[in-house]
Amino acid sequence: MRIGFIGLGIMGKPMCLNLLKAGFSVTVWNRTKSKTNDLVKNGASLAISPRQVAEKSEIIITIVKDSADVEEVILGRDGVFEGGKAGDIVIDMSTISPFITQRIAAKLLEKGIEMLDAPVSGGDSGAIAGTLSIMVGGKAETLARCLSVFNVLGKTITHVGSIGMGQSVKLCNQILVSVTNMAVCEAVTFCQASGIDPQIMIQATQNGAAGSWQLINLGPKMVRRDFYPGFMIDLQQKDLRLATESAQALNLKLPALSLVKELFANCVENGEGKEGSQALIKALERINGSSTLSSKKFSLTF
Ligand code: NAP
């Protein structure tokens, strides 16, 4: 099975390396060509455009950034659509809009090209280890044809429904992680103000009903003031924007989502967009006047 791979960023590069290690024949393209070097050293063929990737492949994986970027590499000039053939499968693994996903899929179908949306969770460590959680939308038979590929990239592969629904489940994932992150920020701040070592609070609560990935992984980083990114605030904000747009389209009000999005926006305003999502605690500190940073104040508008 010939695989095409477009987008060799933090996530795409290790995913593509895993496919090469598993013995797949892979053709790669990346906007910044230098990022293809390591892949070519590991046996990948280099294409000059997404179109050429599609010409040389039966399954084409994209993992770029936002909705417009996926549209550009698939439907743009010299894009996948131009090089694709009936029977090919496009798998988009970026996190983008469910509605734009459906639009891209409908266009691809005009040429007999199937599409799956298969966004991932698990971060760069999951991409490196091949243990991602993959939420797949699209036809079950199309997923079945791609299972050997998904099994290399992830540990939990869930067929969640028709095209676009993978993205909707990924947005649920983003609501869960960001609102839980906000709860951890509040607990750590409350704990510090109470004169208790927050590490002791984390230890005492993590195995009970309050335990979560955010408490265990992000809580200690907040306490250590380690704001190095695992998952950048800029990307988190993109996903919360997508979740908000989808909620509006569904005529839903989600107050916790609105609030955490506002808090993250304050971090971005204060130049913290490239920091990890645990830096959310700084917005809370600004509300409470306890930040040592010179900063734009936060006032709740929600
Ligand atoms: P990244 O490191 O910033 O990489 C983005 C990739 O997309 C790069 O290869 C970039 O090319 C390419 N790209 C962006 N816009 C493009 C365009 N208009 N045309 C062509 N190529 C374009 O991002 P990442 O962390 O790998 O994330 C990729 C996707 O996975 C995002 O949708 C993100 O939300 C999702 N995701 C990320 C994580 C995570 O922990 N990082 C976890 C789960 C899901 P250049 O090299 O030229 O910039």
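The structure presented is a predicted model; accordingly, all values stated were derived computationally and were not measured. (Residues numbered from 1 in each chain as written. Predicted model: local features only at pLDDT ≥ 70, side-chain atom pairs only at ≥ 80, totals over all residues. Heavy atoms only, no water.)

Student: Even after reading the chapter, I still don't get the packing of helix α4 (residues 67–75) against helix α6 (residues 98–109), so can you show me in this structure?
Tutor: The geometry of α4 relative to α6 is characterised by a closest axis approach of 10 Å and an angle of 10 degrees between their N-to-C directions. It follows that α4 is roughly parallel to α6 by the angle criterion. Within the contact between the two elements, α4 uses S67, V70, E71, I74 and L75 and α6 uses I100, R103, I104, K107 and L108. The residue inventory of the contact of α4 with α6, partitioned by class, reads six nonpolar, one polar and three charged. (Axes fitted to C-alpha atoms, helices over the stretch in contact; angles between N-to-C directions. Helix = DSSP H or I, 4+ residues; strand = E, 2+ residues; numbered from the N terminus. Parallel < 35°, antiparallel > 145°, perpendicular 65-115°, else oblique. Contact = heavy atoms within 4.5 Å. Nonpolar A, V, L, I, M, F, W, Y, C, P; charged D, E, K, R; others polar.)

Student: I'm lost on the packing of aromatic side chains in this one. Help?
Tutor: Under the counting rule described, the total for this entry stands at zero aromatic pairs. A cation over a ring is seen here: K111 above F81, with NZ or CZ 5.1 Å from the ring centre. (Phe/Tyr/Trp six-rings, centres within 6.5 Å; stacked < 30°, edge-to-face > 60°. Lys NZ or Arg CZ within 6 Å of the ring centre and 35° of its normal.)

Student: Looking at this structure, how should I read helix α11 (residues 213–224)?
Tutor: Note that an α-helix has 3.6 residues per turn; residues three or four places apart therefore point the same way. The end-to-end C-alpha distance of α11 is 17 Å, a good match for the 16 Å that twelve residues give at a rise of 1.5 Å each. Burial in α11 covers these residues: Q214, L215, L218, G219, P220 and M222. Turning to α11, the residues buried within the fold contact α9 (165–193), α10 (198–205) and α14 (280–287). One or two residues past the end of α11 sits R225, with phi positive at roughly 60 degrees. (Expected span 1.5 Å × (residues − 1). Buried < 20%, exposed > 50% of the residue type's maximum accessible area, 1.4 Å probe, protein only.)

Student: Before we go on, may I ask you to explain the nonpolar core in this structure?
Tutor: Note that soluble globular proteins tend to have their nonpolar side chains buried in a common cluster. Among the nonpolar cores identified, the biggest contains 31 residues, and F5, I61, I91, M93 and F150 are the most heavily contacted of them. Residue assignment for this core shows that the elements contributing at least two residues are β1 (2–6), α1 (12–21), β2 (25–29), β4 (59–62), β5 (89–92), β8 (132–137) and α8 (140–153). Counting residues per element, this core draws most heavily on α8, which supplies five residues. Residues in contact with M93, not counting those within four places in the same chain, are M15, I61, T62, I63, A118, P119, V120, I134, F150 and L153. (Core = buried A, V, L, I, M, F, W, Y, C linked by side-chain atoms within 4.5 Å.)

Student: Please clarify how the site of the ligand should be interpreted in this entry.
Tutor: Neighbouring the ligand are 25 residues, the closest being I10, N30, T32, K35 and K65. Backbone polar atom of I10 to an oxygen atom of the ligand: 2.8 Å apart, as the coordinates give it. K238 is positioned with one of its side-chain polar atoms (N or O) 3.0 Å from an oxygen atom of the ligand. Contact with the protein chains hides 91% of the accessible area of the ligand, taken as 910 Å² for the molecule alone. If you list the elements that add at least two residues to the shell around the ligand, you get α4, α7 (123–129) and α12 (233–249). Broken down by element, the residue count for the shell around the ligand peaks at three residues, all from α4. In terms of residue class, the shell around the ligand is built from ten nonpolar, seven polar and eight charged. (Near = heavy atom within 4 Å. Polar contact = N/O pair within 3.5 Å; in protein donor to acceptor, adjacent residues only side chain to side chain. Areas by Shrake-Rupley, 256 points an atom, 1.4 Å probe, with all protein chains shown as cover.)

Student: How should I be thinking about the side chain of T101 in this particular structure?
Tutor: Its location among the elements puts T101 in helix α6. Classification of T101 as buried rests on a relative accessible area of 0%. Setting aside its immediate chain neighbours within four residues, T101 contacts I96, M115, D117, I163, G164 and Q167.

Student: Would you mind showing me how to read the domain arrangement of the chain here?
Tutor: Here the chain is partitioned into domain 1 (2–162) and domain 2 (168–287). Each partner contributes to the interface: domain 1 provides 13 residues, whereas domain 2 provides twelve residues. A buried area of about 1,000 Å², summed over both sides, lies between domain 1 and domain 2, and 66% of it is on carbon and sulfur atoms. Linking domain 1 with domain 2 are one salt bridge, by the criterion used here. D66 is the partner of R241 in a salt bridge, and the nearest nitrogen-oxygen pair spans 3.0 Å. Counting the contacts that link domain 1 with domain 2 gives four residue pairs in polar contact (both at pLDDT 80 or more). Taken together, the residues of the side of domain 1 that touches domain 2 sort by class into seven nonpolar, four polar and two charged. (Domains from an automatic or database assignment. Buried area = accessible area lost by both parts, 1.4 Å probe. Salt bridge = Lys/Arg side-chain N within 4 Å of Asp/Glu carboxyl O.)

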